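Each chain, letter by letter, is given below.
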Amino acid sequence: MSKSRISSNIIYLYLLTIAKILFPLLTFPYLTRVLSVDVYGMVSYVRATIIYMQILVDFGFSLSAVKDIVRIRNDNKKVGEITGDVIIAKLLLCVIGMLILLVLCASIPILSNNLLYTFLSYVVVILSVFLLDYLFRGIEEMQLVSLSFIIMKGASTLLTFVFVRSDADILWIPVLDIISSFFALFFVYAQLKRLHIKIVFRDIIYALRSLKESFVYFISNMATTAFGGLNTMLIGIYIPDVKEIAYWSVAMTLISGAQALYNPITGGVYPQMVKNPSLRIVRKLLLIFMPCVIFGCFFTWICSGDIVRIINGPNYDEAAEVLRYLVPVLFFSFPGMLIGWPVLGAIDKAADVTKTTIFTCIFQLVGLTLLILYNQFTLIMISILRDMTEAVLFGTRFVYLIKYKKYFVQ
């Protein structure tokens, strides 16, 4: 791939990331103002639960299927076959996800008290099976990934301002996501027709094989999600005040929004690293972007109170201190993400990337258990633990980078 193609990929993925930040940034402060803190806490809790369901259904195909399609991208028939296999696999996972969600709803009061909202949110996960982002990434049509998302979230955002005005309107949130997903689906399948790609559904054995191949990516992604989503779920169980969920969610949403700026860099360089692993590219990206990361960390630390007050209003002042304690996550996550799948994954060291994630996840689980046992399960202590897990993740991946240095073009 040429340097211009890498730049094009990064530009389009940055457009996607800007859209992912911009649309939630528009609705995020709006919802924290029109909804009560308790109801916003419930919405955030359901969202955290649904994220786990989405990770299950995605099952790491955003990496494994991309790699497969990159290697046969000029053969539309094979691209269609791989896409069909992934769709069947994801539909099987949707059934499993539904069963898991039923168990969670029976066990967790905040979900059982909001069943309709929870299951409408899950419909969006089912529809995501047919959006095929991995296909467009694999054939390096990044602009189609960006445009489909912009269509989907643009419609949802606009309609949110129209229909969601108070706590009584919360069901509109998942309903609007469902409607906007259909808009994106029409766009996606129009592009498939233009590209002359026909989805082929083969025997289920191929779908099961694709699940097996993608399992290592799924474990890593699920473990990674545990760093954030599991914290939210445990807060809902062990801290009875729903407001605490809201404060944590506000701080983590701001952190996640900043982390989203890293995705176009790691995602844009991934196809190139698969074809031509080079540490020179890695060093260059770190030299360019780490100063920006450091500046962003200092700015967030100093201005956390103003950031929360401007974006979310005075009802969320308690979230500012949580945000300040979460700043180290921003520092360690960029090099950790870059060294992970885009670098080690590109040289077929997916198992080692997964080991680092699982080790870090175990580290966090042990930490959370100790906080609960010693009655230290507070938002500040959870934030400090979250910082430590991100540092451990970066450290373990850096060790593997040194170990496999010989596999890269210097």
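Chemist: Before we go on, may I ask you to explain the overall build of the protein chain in this structure?
Modeler: Each helix and strand counted, the protein chain has 17 helices and 0 strands in total. Projected onto its principal axes, the C-alpha coordinates of the protein chain cover approximately 55 × 45 × 35 Å. Taking all 410 residues of the protein chain together, 56% fall into the buried category. Across the protein chain, contacts joining residues at least 24 apart in sequence account for 85% of those joining residues at least 6 apart. For the protein chain, the accessible surface area stands at approximately 18000 Å², while carbon and sulfur atoms represent 69% of it. Of the charged side chains in the protein chain, 34 are positive and 24 negative, and the gap between their average positions amounts to 12 Å.

Chemist: Mind showing me how you'd approach the packing of aromatic side chains here?
Modeler: The geometry of two aromatic rings is summed up by the distance between their centres and the angle between their planes. Tallied over the full model, the rule gives 16 aromatic pairs. When the centroid spacing of 4.9 Å and the interplanar angle of 70° are considered together, the rings of tyrosine 30 and phenylalanine 161 count as edge-to-face. Here tyrosine 30 is found in helix α1 (residues 3-34), whereas its partner phenylalanine 161 is found in helix α8 (residues 142-163), with 131 residues between them in sequence. When its relative accessible area of 18% is taken as the criterion, tyrosine 30 is described as buried. For phenylalanine 161, a relative accessible area of 30% gives the class partly exposed. Summarising the aromatic geometry, the rings of tyrosine 40 and tyrosine 316 are spaced 6.1 Å apart at their centres and angled 85° between planes, so their arrangement reads as edge-to-face.

Chemist: Is there a simple way to think about the pattern of salt bridges in this case?
Modeler: Side chains carrying opposite charge are able to pair once their charged atoms draw close together. With the rule as written, the count across this model stands at 10 salt bridges. A salt bridge links aspartate 58 to lysine 90, with the shortest nitrogen-to-oxygen separation between them at 3.6 Å. Of the two residues, aspartate 58 sits in helix α2 (residues 37-58) while lysine 90 sits in helix α4 (residues 76-107), which places them 32 residues apart along the sequence. Assessed through its relative accessible area of 25%, aspartate 58 is described here as partly exposed. One continuous salt-bridge network, built from bridges that share partners, spans Lys77, Glu81, Asp85 and Arg202.

Conventions and cut-offs
Residues numbered from 1 in each chain as written. Predicted model: local features only at pLDDT ≥ 70, side-chain atom pairs only at ≥ 80, totals over all residues. Heavy atoms only, no water. Helix = DSSP H or I, 4+ residues; strand = E, 2+ residues; numbered from the N terminus. Buried < 20%, exposed > 50% of the residue type's maximum accessible area, 1.4 Å probe, protein only. Contact = heavy atoms within 4.5 Å. Areas by Shrake-Rupley, 256 points an atom, 1.4 Å probe, with all protein chains shown as cover. Lys, Arg positive; Asp, Glu negative; His and termini not counted. Charge placed at Lys NZ, Arg CZ, Asp CG, Glu CD. Phe/Tyr/Trp six-rings, centres within 6.5 Å; stacked < 30°, edge-to-face > 60°. Salt bridge = Lys/Arg side-chain N within 4 Å of Asp/Glu carboxyl O.

These results come straight from atomic positions and should not be treated as a statement about function.
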